[in-house]
Amino acid sequence: CDCYQFPVRVGDLVLLYSDGLVDNLHELEILEVIERVCANAQQHGKGPGALADPELLSRALARAAQVRSWDTSADSPFAAAARQQGQAFFGGKEDDIT
């Protein structure tokens, strides 16, 4: 078991996820999903700086990773890493994304 400690403040967003997310979505894509879901929360009466419902956010991230995993032409993080190792791999990586 690895243990990590990070200082956090009120309003910080802490994500815990498996490789199914980062094998299929680049960091900037994850941030785009977070920004979209948070913007939607702000537009629907929660006000500026409002955080999204954690369940809605986790579902949006899982769905984006799942959709990417089915895309055989996507330049996923997993595909990029495989190519760096000399493997001809393109697309997302199907995984147990729930």
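From a predicted model like this one, the values you see are computed outputs, not experimental measurements.

Engineer: Describe the side chain of R68, listing the residues and the values that go with them.
Structural biologist: The residue R68 is located in helix 3 (residues 54-70) in this model. With sequence-adjacent residues up to four places away left out, R68 is seen in contact with N24, L25, E29, A74 and G92.

Engineer: I'd like a description of the pattern of salt bridges, backed by residues and values.
Structural biologist: Following the criterion strictly, the structure yields four salt bridges and no others. For the salt bridge of E29 with R68, the shortest nitrogen-to-oxygen distance reads 2.8 Å. Of this pair, E29 sits in helix 2 (residues 27-46) while R68 sits in helix 3, and the two are 39 residues apart along the sequence. By relative accessible area, R68 is classed as buried at 19%.

Thresholds, definitions, all that
- The residue count restarts for each chain, going from 1 along the sequence in the order it is written.
- Residues qualify for local features only when their pLDDT is at least 70, as the model is predicted, and side-chain atom pairs are given and counted only at 80 or more; totals for whole chains, interfaces and linings, by contrast, use all residues.
- Working from all heavy atoms in the structure, the side-chain values ignore hydrogens and water.
- Strands here are runs of E lasting at least two residues and helices are runs of H or I lasting at least four, both read from the DSSP assignment and numbered beginning at the N terminus.
- Throughout, a contact is declared for two residues whenever any of their heavy atoms are within 4.5 Å.
- Should a side-chain nitrogen of Lys or Arg be within 4 Å of a carboxyl oxygen of Asp or Glu, the pair is scored as a salt bridge.
- Relative accessible area decides the class of each residue, using a 1.4 Å probe on protein chains only: under 20% of the type maximum gives buried, over 50% gives exposed, and in between gives partly exposed.

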